[in-house]
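Examining the three-dimensional arrangement
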Amino acid sequence: MEGSVQSQSNATESAYRSFIGQNGDGDHLTALRHQMDQLNTIGKRFVAAIDRFQLHRALLATLQELYSFSACSILLKGNPFELSIIPRYPLTGPFIQAMIQSIARAGSVIGFPDVTPEELAVVADLDAPDDLAPSFINTPSTATEIGDFLNIPLTVESRIIGMLSLFDEHEGTFDTELLQLTTMIADYAAVALENVRLHEREIALWQDAEQERQRLELIISSMAEGLLITNAQGAISSLNSSAQHLFAQAEVDLKRETPTSLRKLATSTNVNWLSDLADIVDQALAGNIVMHRELIAGFAGDSVPLTLSISAAPLHDASKNIMRPIGVVAVLNDTTSSKQIEKLKDEFVSVVSHELRTPLTAIKGYTQHLIRRIERRLREARQRQQNTGSLAEHPESYDLRSLNIVQSETEHLERLVSDLLDLSRVQWGELDLQYTSFYLTDVLAERVRLAQVSAEQHTIFLDIQAQDSRIVADQLRVGQVVGNILDNAIKFSPPGRQVTVKLQEQDNEYFISIIDQGIGINPEYLDRIFERFYRVRNTASRQYAGIGMGLFVAKAIVEAHGGSIGFSSNPGTGSKFYFTLPRVPHTSVLQL
Amino acid sequence: MMHMSSMSDNSSSVYYEKVVESYLKAIWLIDDRVTPFLGKATTRVLVQGAARRVSNQYPFLHFLVKMPYTEVVPAVIKEQWSSITPQELTQGLHALLQECFAGLKELTGDLIGPPLFDEVRRQLEQTP
């Protein structure tokens, strides 16, 4: 920082000459050396001051050496203004009041228009040095008026930052030479004050930053979620206590080296999930955000192993424009308890479904028995009618229709129960398939027939576009898939609309599609439609019942066969669900 | 308050420019004399403070509150002040100068103001 001291050296030289005296060349050199020493002393005093109080002392000491005065003050520009009054000895209240008024008037002259005596009186800080001159204490000043004064702007790089004022109770204390000297000292003081201000601002900023750091540290350490931060090489640079606890639970020792390389740790400890975690970190280091990736960190023997849900994001340096992340921040959530609840729920659903299945089997069996009996009686009755020539419909034909509906609905209920049972099997990877050889057309025809019975107001077409339909698969499961999709197609289609079940063959697989003219699915739900218990919640679908299981189970069954499932939809005009099944199961599927 | 006689009225086309120029020279003179005592930036803020105080009475001087007098170009100012009467212009600039001296008195009492005032008055009187 550069004050105007150097630029005014010529101006102040004359003041020094007259201040020290000029006698011959030898004396002149001595005087010059003396001046240099004095300047050096003044400079050192101000440079050494690191706070306002030290600066006030330096100013007072310097000014006192030059001449006698009652008090000096420093007014600093700011919001609010800062005023320090530094008396050389105890002053009377009216004298201080007169000082403040003079400072306010001079302040308005040098561009501090808003400063008022009242405001200054409020902010004024009387920094009376402890070592007030004892002689003055014995004979305290009684002066109430200012005899003489100087108000000198404090300038740094042509910027006025404040004002140095000197006051004395006697008249004629100051002259132009003292004014020049004081201006020179004011320049030193201005630079020193600016330095003190910068230093204070730096300390305040540092304190703010430190406070913020401690607050963040407290938040991070108090987080229930584990927080892991890596460096640009994917090595753990820090982790909070929750994360440490999770690693300890998974029996991973992180105290070997710092920073701990996740990849090395995965290799050395042979812990599989650490390798997956390292993959997640690598993905984030590549600039991707990873959301809710589930890792089984527990042991296979546990009924519900420790399960972590991990989200990770790249960390970019805020100050530099570098594309590559400087690290990764990952949040580790322990989802084991929710898995335990899920397991309990699945077990409950499984037990209830089993219990429901027994009466359902009985209902289905007796219904079939009744249907066969009525069908037999109706055949006999129709033969008798043919013999007698009667055209009247036999009353039992109505019963047969009702029983067919009961049977169809029982089948539907049975599928729902099967889906519930399958839920836990799918969830825990226990879906067993019983492979047999059969014709797909038979399964599709049977499903269409059953669906049509309970959907009299819809027309269901079966469109076979395949030469051959022989397949090796789990016949019941394939029927379950078709039934689930067909149920949805009918449920979400207004009465009178048609549903088409189409079979096509392509290469080594069959392509089965179920096309409806229903309400369709909004694009916002497309990603979630195969999630379990997921039901589209909009005005159009609110009236339709269901538990959101059918498509979840259908997807699991198709994928277990090595096929794929998908759909396309136009809201308002209908949907097309399709799935593929290989003619014969892939070897890998069979091995599973 | 010190007093000095203002320049005589003149309605010639170059009058504005001459008046502004002579008062600017007066301010430059103040600057020359004040700088060794109070530093470089003082005259600039003295003029700004003075302009603020007189701008209620002479609004055409308000621009000096923001613009340093060192950047004032008389020819440009002349165009902006075309609606100001010669009397107003002279009185305004005179008031500005008076306020500068009043400000100087608040800073240093009678240490540098009175001799400088005489010098400025002599310079203004010598202006044709």
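Residues numbered from 1 in each chain as written. Chains lettered and ligands numbered in written order. Predicted model: local features only at pLDDT ≥ 70, side-chain atom pairs only at ≥ 80, totals over all residues. Heavy atoms only, no water.

Points about the overall build of chain B
If you tally the helices and strands in chain B, you get six helices and zero strands. Beginning at the N terminus, the succession of helices and strands in chain B can be written as α-α-α-α-α-α. Across the 128 residues in chain B, those meeting the buried criterion constitute 53%. Long-range pairs, those at least 24 residues apart, make up 74% of the contacts in chain B between residues at least 6 apart in sequence. Carbon and sulfur atoms form 52% of the exposed surface of chain B, whose accessible area is close to 6100 Å². (Helix = DSSP H or I, 4+ residues; strand = E, 2+ residues; numbered from the N terminus. Buried < 20%, exposed > 50% of the residue type's maximum accessible area, 1.4 Å probe, protein only. Contact = heavy atoms within 4.5 Å. Areas by Shrake-Rupley, 256 points an atom, 1.4 Å probe, with all protein chains shown as cover.)

Concerning the confidence of the model for chain B
Residues and elements named next belong to chain B. In the predicted model, chain B carries a mean pLDDT of 82, and the fraction of residues at 70 or more is 84%. Of all helices and strands in chain B, the one with the weakest mean pLDDT is helix α4 (residues 74-80) (69), whereas helix α5 (residues 86-108) scores best (90). Model confidence for the complex: the whole-complex pTM is 0.56, and ipTM, which rates the interface, is 0.85. (pLDDT = per-residue confidence, 0-100.)

Re the packing of aromatic side chains
Residues and elements named next belong to chain A. Evaluation of the coordinates by the stated rule reveals 10 aromatic pairs over all chains. Geometrically, the ring pair formed by Phe530 and Phe567 is edge-to-face, given 6.0 Å between the ring centres and 65 degrees between the ring planes. Of this pair, Phe530 sits in the loop between β16 (509-515) and α15 (550-560) while Phe567 is found in strand β17 (residues 565-570), placing the two residues 37 residues apart along the sequence. Residue Phe567 is classed as buried on the basis of its relative accessible area, which comes to 14%. Cluster of aromatic residues (ring-pair linked, three or more members): Phe530, Phe567 and Phe577. Looking at Arg88, its charged tip hangs above the ring of Phe69, at a distance of 5.3 Å from the centre. (Phe/Tyr/Trp six-rings, centres within 6.5 Å; stacked < 30°, edge-to-face > 60°. Lys NZ or Arg CZ within 6 Å of the ring centre and 35° of its normal.)

Some thoughts on helix α1 (residues 15-38) of chain B
All names here are of chain B. Taking 1.5 Å per residue, 24 residues should reach 34 Å; α1 reaches 33 Å between its end C-alpha atoms and fits that length. Within α1, the axis deviates most sharply at Asp32, by approximately 25 degrees, and proline Pro36 lies no more than four positions further along. Gly39, located one to two residues past α1, shows a positive phi value of around 95 degrees. (Expected span 1.5 Å × (residues − 1). Bend = angle between axes of the 7 residues up to and from the residue.)

Considering the pairing of strand β7 (residues 235-239) of chain A
Within a regular beta strand, the side chains point alternately toward one face of the sheet and then the other, so they alternate between its two faces. Residues and elements named next belong to chain A. Of the pairings in the sheet, the one linking strand β6 (residues 226-231) to β7 comprises three bridges and is antiparallel in character. When the sheet's bridge partners are listed, Ile229 is paired in β7 with Ser238. Linking two consecutive strands that pair antiparallel, namely β6 and β7, is a turn of three residues; a positive phi of about 85 degrees is found at Gly234 within it. Where β7 lies against strand β8 (residues 260-261), two bridges are found, and the strand directions are antiparallel. Bridging across to β8, Ile236 finds its partner in Thr260. (Pairing = 2+ DSSP bridges.)

Re the pairing of strand β5 (residues 159-168) of chain A
All names here are of chain A. Within β5, nine of the 10 residues are buried, which leaves it mostly tucked inside the rest of the structure. Alignment of strand β1 (residues 71-76) against β5, held across six bridges, turns out to be antiparallel. Its bridge partner being in β5, Ala71 is matched across the sheet by Phe167. Adjacent in sequence and paired antiparallel, strand β4 (residues 148-156) and β5 are bridged by two residues, among which Glu157 carries a positive phi angle near 50 degrees.

Quick word on the packing of α5 of chain B against helix α6 (residues 113-126) of chain B
Residues and elements named next belong to chain B. Here α5 crosses α6 at 165 degrees, and the two axes come no closer than 10 Å. Our classification of the angle between α5 and α6 gives roughly antiparallel. Considering the relative orientation of α5 and α6, their crossing is right-handed. Between α5, through Leu97, Gln98, Phe101 and Leu104, and α6, the contact on the second element is made entirely by Gly113, Leu116, Phe117, Val120 and Leu124. Residue composition of the contact of α5 with α6, grouped by class: seven nonpolar, two polar and no charged. (Axes fitted to C-alpha atoms, helices over the stretch in contact; angles between N-to-C directions. Parallel < 35°, antiparallel > 145°, perpendicular 65-115°, else oblique. Left-handed = near helix turned anticlockwise from the far one by under 90°. Nonpolar A, V, L, I, M, F, W, Y, C, P; charged D, E, K, R; others polar.)

Some details on unusual backbone geometry
Residue and element names in this part refer to chain A. Notably, Ser158 is not glycine yet its phi reads approximately 60 degrees, a positive angle. Relative to the elements of secondary structure, Ser158 occurs in the loop between β4 and β5. In this structure, Asp507 is a non-glycine residue whose phi angle is positive, near 50 degrees. The residue Asp507 is located in the loop between β15 (498-506) and β16 in this model.

Here we look at the interface of chain B and chain A
Contacts between the two partners involve 22 residues from chain B, matched on the other side by 25 residues from chain A. Taken together, both faces of the contact between chain B and chain A bury some 1900 Å²; the carbon and sulfur share is 65%. Between chain B and chain A we count one salt bridge in total. Across the pair Glu106 of chain B and Arg105 of chain A runs a salt bridge whose closest N-O atoms are separated by 3.0 Å. The interface formed by chain B and chain A contains five residue pairs in polar contact (both at pLDDT 80 or more). Among the elements of the structure, α1, α2 (41-54) and α5 of chain B are those that each provide at least two residues to the side of chain B that touches chain A. (Buried area = accessible area lost by both parts, 1.4 Å probe. Salt bridge = Lys/Arg side-chain N within 4 Å of Asp/Glu carboxyl O. Polar contact = N/O pair within 3.5 Å; in protein donor to acceptor, adjacent residues only side chain to side chain.)

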